[in-house]
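What follows is the residue order along each chain.
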Protein chains: 4
Amino acid sequence: MTLRVGVIGTGTIGRDHIRRLTTVLSGAAVVAVADIDRDGAAAAAPPGAETFDTAEALIRSDKVDAAVICSWGPAHEEQLLAAIAAGKPVFCEKPLTTSEAAALKVMEAETAFGRRLVQVGFMRRFDADYRRLKAVIDAGELGAPLMFHSVHRNASVPAGLYTSDMPLNDTLVHDADVSRWLLTDEIAGVEVRLPRRSRQGGELRDPHLVLLHMRSGAIVDVEISVNIAYGYDIRGEVSCERGVAALPNRPATVVSDLRGIRQAIPEDWRQRFVEAYDQEFREWIAAASAGTATGPSTWDGYAATLVADAALRAVSSGNLEPVAMIRKPELYDVPAAKAA
Amino acid sequence: MTLRVGVIGTGTIGRDHIRRLTTVLSGAAVVAVADIDRDGAAAAAPPGAETFDTAEALIRSDKVDAAVICSWGPAHEEQLLAAIAAGKPVFCEKPLTTSEAAALKVMEAETAFGRRLVQVGFMRRFDADYRRLKAVIDAGELGAPLMFHSVHRNASVPAGLYTSDMPLNDTLVHDADVSRWLLTDEIAGVEVRLPRRSRQGGELRDPHLVLLHMRSGAIVDVEISVNIAYGYDIRGEVSCERGVAALPNRPATVVSDLRGIRQAIPEDWRQRFVEAYDQEFREWIAAASAGTATGPSTWDGYAATLVADAALRAVSSGNLEPVAMIRKPELYDVPAAKAA
Amino acid sequence: MTLRVGVIGTGTIGRDHIRRLTTVLSGAAVVAVADIDRDGAAAAAPPGAETFDTAEALIRSDKVDAAVICSWGPAHEEQLLAAIAAGKPVFCEKPLTTSEAAALKVMEAETAFGRRLVQVGFMRRFDADYRRLKAVIDAGELGAPLMFHSVHRNASVPAGLYTSDMPLNDTLVHDADVSRWLLTDEIAGVEVRLPRRSRQGGELRDPHLVLLHMRSGAIVDVEISVNIAYGYDIRGEVSCERGVAALPNRPATVVSDLRGIRQAIPEDWRQRFVEAYDQEFREWIAAASAGTATGPSTWDGYAATLVADAALRAVSSGNLEPVAMIRKPELYDVPAAKAA
Amino acid sequence: MTLRVGVIGTGTIGRDHIRRLTTVLSGAAVVAVADIDRDGAAAAAPPGAETFDTAEALIRSDKVDAAVICSWGPAHEEQLLAAIAAGKPVFCEKPLTTSEAAALKVMEAETAFGRRLVQVGFMRRFDADYRRLKAVIDAGELGAPLMFHSVHRNASVPAGLYTSDMPLNDTLVHDADVSRWLLTDEIAGVEVRLPRRSRQGGELRDPHLVLLHMRSGAIVDVEISVNIAYGYDIRGEVSCERGVAALPNRPATVVSDLRGIRQAIPEDWRQRFVEAYDQEFREWIAAASAGTATGPSTWDGYAATLVADAALRAVSSGNLEPVAMIRKPELYDVPAAKAA
């Protein structure tokens, strides 16, 4: 009855997922760990778990029911294909793959297999605030969504390590995914505008204003600021025909003192989304235990890859860069009743 | 057409009302000033205004249509009686009088005159936030009001000058008046409890918890803190049978920075109630120009005096001290339609 | 490594805890169930769990490491004594016992045993909002707490089943416990005032205004309204010497539509405190796995019993009813560092 | 000492300004009225005021110290030139003029005269919320402003009368003016994007997403929705280098009932900006009494005209349309100290 999980990659996020599966959630146990750094793997493995030399060996092992991929992006394609070949459910941290071609290959393999096996790590879809926001929009009382203002602010990013492409490659994908999901829509094109540069990040290109043109005609405008100092602040407001719906302030003690009437702001994404990560894996365990996957799919990972590519092109061109998707395989059609 | 106003008393509040009547509001002009300190009166008088030696001379002057009393409390009784004798509308800063007997004497004179002439300076009734709160309660959708939590916090009071009786004598009267007005009720009894003493004010008795027992049975609990450092914070929440209604935060820029997401708090009563004072006098000018008075009445000033007396007795006795009012003269009956 | 739990009592709350221990949390398994209603026990037992005829048999079973008591209040004393006799950790839903004498007997047994075994079900202490509020107060920047305004509103209570003693017996205990914990203080006396009665509950005595006099001199004023229709609304604001700290609004989508700019309010205690219950049991599992108990103790359950008794006396007497506790056994001293 | 004002145009806004100057504010009297509809003028004139056949006659009259222009846009140019020729201060409702050429002509006349005489009716600059927001930005603690998200929502516009150019011609000018003023910057170019059309307005083009590219590089993104049903909702948030500052909710009673915890939203611009209009005229009276003008200038009216033109071009072209201003005459330089 307990799902036997193998974890591939034991960096920060991998170790955090091991902790989560071992000490927070019920229904799963980490029985295997793999990392190209064997010492890292051994250090991260919980008592009794086996350490594997390669991801492929872990995936093939009879002791492993399902895999969690936390390796670096370029390794995902091969590992995903191995999991699908083995018919085993797999959770894959973003990005699904680092190229459109690779994403298509994974999608082909999964559709050929005929059952969803892959869940991609877009944790915002499991956040209670975002879920309530989606429920309000889906209820339809406010009419159709016409605009979505999405704000993504990081207190800081590591100087030097974080390059100017990363706001679009790593950060925008969350806003893009959540836009597609909240509005039940696809992204048809991307524009990027570069506002006055913040001096907080030296020569880093920051902030960005991104416009996502949805197929329905709705427009999403995204503010991405990655060195805004004061905290990790995720905001979103959907303007509909007869009303608007927005994410609330995070719960925090309301203090009145000489600095005003005030509430603390999360410091980083861990603090902000810790419950979303828990819920993401709770649902993954349930689906994987049934031999399949729910939540963000290979299709969603593919869309994210295309949008990041279009956004990078849009920076150079200054134009509206189209996002050309293949026809959506039936496997990824979500019944309307489950969309909410 | 312009109301010719004489101002008695040119201390801080007197000078502020002269400024208000002269440069802010239309329909009135300050034509006369009186103060026991003649130099102060001369300095405060606007160009062209006459300076009087005594309040009585000012009140009797043919050039004066209406008076504003800003002298110290013990002088109010005589000045009010003079204004009523002259049949002239008069605005009187709180307290109406400093004893129950004096209040009754003024009330007798006014009822004998047969028309309201006196407006007492309870400015909260003119505050837009309080008026909206009253409108919600009066609308009745929430059912009858059962409890009212009233919070009165001062950043600080002058050490030495502000004595332990003043929270009940000077401060509580605002909460008491606004309770009677918001709930359309009278106060039947008062209890006072003394919480742990704040070290912010040395030996000053602070804070106070006051319970006002209303005739309807509703109970008002009042927190009075006069040295709370962080600002001037006036709060109020009415619990009704099917819902609650509360004063909002004051409008202030919502700043997100390292200190949190925050709004500034008013520093003092001037900043908090400046518009209420303007509105108070706007309505006084209108009524006085018609030869009468509206708003808080001699009856309300009388009630405030009784409540302050009962509160001081309650500190000593620890008991529920009754507030015994005379029967309300018809003159002070407010038509239900105007109650809101 | 997995804690083997036996659950006593399979009513609503018992079944909910079985669900929690079985499908939500890691580290525990429900291996035994007991109920005087054997069919109810059998229906509630998870697959593989044993059904016991009596609580005592369950507690003594070698298969059971720790017990969860969800029976009715009068049965708690005997079951707690059995668990302590067996040296097994036990979670006990409130009330600890239904009399002071019974509470003292349990406390004697536990102190004689020499190690804490009992955790009482005051789940608010595990709520993230309350914990953040306590952290702000304990940090001390606002100075000493002087007053605490605690608001406890239920949308409705079952007519007939919910009697006039229950606001004090069942509801107040939460505000009382959280007051002791937030302020790191004990309750020295209780007053009760009865405001105008709500017509929402017919003849039910509702609302209540309760004053808790703390040993430090701080005063807690509690509003208890149990038929307020609009939702389950738990509020709290602590007034300190140099500032105040309050519970925030619950996270909920901010909707702007014809009804205003608004956020939904929880409907009931399950919706409000579901995460607190999870966290309560997460910490219980950790402590019980180490053979002991943390969190709310027998001492806290004893205090709650005394306060409820005093509150009921205060309704009849109209007086300040003292709460006379025995000297606190060392076993229940919480190191300052762990108080937060 | 009282400013003798002549009002030109007695439509809705003209009558409202007559009321304001006559019964709300001190220091001014409406002594003359002109309208092409003589009956309308006579009906609107306060007692004692003279009625003029033409705007020019009113402006030239010795009895008139200063003029208020509330006629339709195409008439403004001639009336402004007449006021400048007469050396009389003039308040001009927006738009300053209906063409760039006309705006330049007025500016030439005023600069030739050598003293500011014209104040343009951008009332948002007098709104207390906007002023506090500007003060926070100007204080500089948050660093340079990089982005400004401005939201302009109308409950509804009159079907048929309100055409698709009006969101850019009539509505955008407020966001554009407030952007220039808040950021102490000029608009260099305009882009317009058309989101999915709202069905609330039939064939009306609504909503609009407008990007204002400021000279500093800062980007303003404006949401204009004119049929959003729920209310008149003006929002603004400025993202700076180290923090953000936003307009607060409007003060409104916080009601908790079955519809949630909620605050009412203003119904229309009158309700939202009534105090701003009062303050606008209060400051105009002060400046006009000194023979000059402060606040929004001919330069600001000229900028608004250029931005509206560029926005209309941008709808057709889909491109970034530049805003090419002449060099700013010294007359319109605002000393830095007064900028806040």
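Residues numbered from 1 in each chain as written. Chains lettered and ligands numbered in written order. Predicted model: local features only at pLDDT ≥ 70, side-chain atom pairs only at ≥ 80, totals over all residues. Heavy atoms only, no water.

Naming follows an unreviewed UniProt entry, where chain A appears as Inositol 2-dehydrogenase of Plantimonas leprariae. Of the comments in the UniProt record for chain A, the one headed Subunit (unreviewed entry) reads "Homotetramer." (UniProt positions renumbered as here; feature names shortened; annotations may be inferred.)

Undergrad: When you look at the overall build of chain A in this model, what are you seeing that I'm missing?
TA: Tallying secondary structure elements over chain A gives ten helices and 15 strands in all. Over its C-alpha trace chain A gives a radius of gyration of 20 Å, about what one expects of a compact globule, namely 20 Å for 340 residues. For chain A, the C-alpha atoms occupy an extent of roughly 55 × 50 × 40 Å along the three principal directions. Each of the 340 residues in chain A was classed as buried or not, and the buried ones make up 60%. Sequence-distant contacts, at least 24 apart, represent 72% of the contacts inside chain A between residues at least 6 apart. Roughly 12,700 Å² of accessible area belongs to chain A as shown, and the carbon and sulfur atoms make up 52% of that amount. If you average the places of the 37 positive and of the 45 negative side-chain charges in chain A, the two averages end up 2 Å apart. (Helix = DSSP H or I, 4+ residues; strand = E, 2+ residues; numbered from the N terminus. Rg over C-alpha atoms; globule rule 2.2 N^0.38 Å. Buried < 20%, exposed > 50% of the residue type's maximum accessible area, 1.4 Å probe, protein only. Contact = heavy atoms within 4.5 Å. Areas by Shrake-Rupley, 256 points an atom, 1.4 Å probe, with all protein chains shown as cover. Lys, Arg positive; Asp, Glu negative; His and termini not counted. Charge placed at Lys NZ, Arg CZ, Asp CG, Glu CD.)

Undergrad: Please clarify how the packing of aromatic side chains should be interpreted in this entry.
TA: In total, this model carries 24 aromatic pairs over all chains according to the counting rule given. Seen in terms of ring centroids, A:Phe91 and A:Trp284 are 6.2 Å apart; in terms of plane orientation they differ by 75°. Their pairing is edge-to-face. Taken as a pair, A:Phe91 in strand S5 (residues 90-92) and A:Trp284 in helix H8 (residues 269-289) lie far apart in primary sequence, 193 residues in all. A:Trp284 carries the same exposure label as A:Phe91, and that label is buried. Aromatic side chains D:Phe281 and D:Trp284 sit 5.9 Å apart centroid to centroid with 75° between the ring planes, which places their arrangement in the edge-to-face category. On the criterion of helical spacing, the pair formed by D:Phe281 and D:Trp284 is a turn pair, its members being three residues apart in helix H8 (residues 269-289). Of the two residues, D:Phe281 and D:Trp284, both sit in the buried class. Linked through ring pairs, A:Phe91, A:Phe281 and A:Trp284 together constitute an aromatic cluster. For the cation-ring pair, A:Arg270 lies above A:Trp269, with the distance from its terminal atom to the ring centre recorded as 4.6 Å. (Phe/Tyr/Trp six-rings, centres within 6.5 Å; stacked < 30°, edge-to-face > 60°. Lys NZ or Arg CZ within 6 Å of the ring centre and 35° of its normal.)

Undergrad: I tried to follow the interface of chain A and chain D on my own but got confused; where do I start?
TA: Frequently, the measure chosen for interface size is the accessible area that the parts lose on association. In this complex, chain A contributes 37 residues to the contact, which on the side of chain D involves 37 residues. For the pair chain A and chain D, the summed buried area comes to about 3,000 Å², and 60% of that belongs to carbon and sulfur atoms. Where chain A touches chain D, the interface holds six salt bridges. In this structure, A:Glu237 and D:Arg153 form a salt bridge, with 2.8 Å as the shortest nitrogen-oxygen distance. Joining chain A to chain D, the criterion identifies 14 residue pairs in polar contact (both at pLDDT 80 or more). (Buried area = accessible area lost by both parts, 1.4 Å probe. Salt bridge = Lys/Arg side-chain N within 4 Å of Asp/Glu carboxyl O. Polar contact = N/O pair within 3.5 Å; in protein donor to acceptor, adjacent residues only side chain to side chain.)

Undergrad: So what exactly am I meant to see when it comes to the relation of the copies chain D and chain C here?
TA: Between the two copies of the chain lies a relationship made up of a rotation around an axis and a movement along it. Rotating chain D by 180° and moving it 0.0 Å along the rotation axis overlays it on chain C with an RMSD of 0.0 Å. Overall, the copies show the geometry of a two-fold rotation axis. Using C-alpha coordinates, one finds that chain D approaches the rotation axis most closely at D:Arg262, a distance of 2.0 Å. In this assembly the copies share their binding face: 100% of the residues contributing to the interface of chain D also contribute to that of chain C. (Least-squares fit on C-alpha atoms with pLDDT ≥ 70 in both.)

Undergrad: In this structure, what is going on with the UniProt feature "domain: Gfo/Idh/MocA-like oxidoreductase N-terminal" (unreviewed entry) in chain A? I would like to understand it.
TA: In the numbering adopted here, UniProt assigns the feature "domain: Gfo/Idh/MocA-like oxidoreductase N-terminal" (unreviewed entry) to residues 3-122 of chain A. For residues 3-122 of chain A, the end-to-end C-alpha separation is 21 Å, with 42% helix and 22% strand making up the annotated structure.

Undergrad: Got a minute to help me understand the pairing of strand S14 (residues 260-263) of chain A in this structure?
TA: If a strand is regular, its side chains alternate between the two faces of the sheet. Burial along S14(A) is two-sided: the residues A:Gly260 and A:Arg262 and A:Ile261 and A:Gln263 are all buried. In this structure, strand S13 (residues 254-257) of chain A lies alongside S14(A), joined through three bridges in antiparallel fashion. If you follow A:Val255 over to S14(A), its bridge partner there is A:Arg262. Examined bridge by bridge, S14(A) and strand S14 (residues 260-263) of chain B share three bridges and lie antiparallel to one another. By the bridge assignment, A:Arg262 is partnered in S14(B) with B:Arg262. (Pairing = 2+ DSSP bridges.)

Undergrad: So what exactly am I meant to see when it comes to the domain arrangement of chain A here?
TA: Residues and elements named next belong to chain A. Each assigned domain of chain A is listed here: domain 1 (3-123 + 277-299) and domain 2 (125-269 + 304-339). If you average the C-alpha positions of domain 1 and of domain 2, the two centres end up 26 Å apart. Between domain 1 and domain 2, the residue contacts involve 24 residues of the former and 22 residues of the latter. For the pair domain 1 and domain 2, the summed buried surface comes to about 2,000 Å²; carbon and sulfur atoms form 69% of the total. A per-residue breakdown of the area domain 1 buries against domain 2 is headed by Phe122, Met123 and Trp299, which together make up 40% of the total. (Domains from an automatic or database assignment.)

Undergrad: I would appreciate a short explanation of the interface of chain D and chain C in the present structure.
TA: The interface of chain D with chain C comprises 15 residues on the first partner and 15 residues on the second. Taking both partners together, chain D and chain C bury about 1,200 Å²; carbon and sulfur atoms supply 63% of that area. Interface area lost by chain D to chain C is led by D:Tyr230, D:Arg259 and D:Ile261, which between them contribute 43%. Scanning the region where chain D abuts chain C turns up zero salt bridges. One can count four residue pairs in polar contact (both at pLDDT 80 or more) joining chain D with chain C. Residue assignment for the side of chain D that touches chain C shows that the elements contributing at least two residues are strand S11 (233-240), strand S13 (254-257) and strand S14 (260-263) of chain D. The element best represented in the side of chain D that touches chain C is S14(D), accounting for four residues. When the residues that make up the side of chain D that touches chain C are grouped by side-chain class, the tally is six nonpolar, four polar and five charged. (Nonpolar A, V, L, I, M, F, W, Y, C, P; charged D, E, K, R; others polar.)

Undergrad: I'm lost on the environment of A:Thr2 in this one. Help?
TA: Residues and elements named next belong to chain A. Along the chain, Thr2 falls in the segment before strand S1 (3-8). Once the C-alpha coordinates of Thr2 and Ala32 are considered, the two residues, 30 residues apart in sequence, prove to be 14 Å apart. Among residues more than four places away in sequence, those in contact with Thr2 are Gly27, Ala28, Ala29 and Asp65.

Undergrad: When you look at the sheet that holds strand S6 (residues 118-120) of chain A in this model, what are you seeing that I'm missing?
TA: Strand pairing in a sheet is mediated by backbone hydrogen bonds. Such pairs are either parallel or antiparallel. Residues and elements named next belong to chain A. The six strands lie next to each other as S3-S2-S1-S4-S5-S6, forming an open sheet whose pairing is parallel. Taken across any chain shown, the strands that pair with only one partner, and hence form the sheet edges, are strand S3 (50-52) and S6. Sheet twist, expressed as the mean angle between neighbouring strand axes with direction ignored, is 25°. Taken together, the three bridges between strand S2 (residues 28-34) and S3 define a ladder with parallel strand orientation. (Axes fitted to C-alpha atoms, helices over the stretch in contact; angles between N-to-C directions.)

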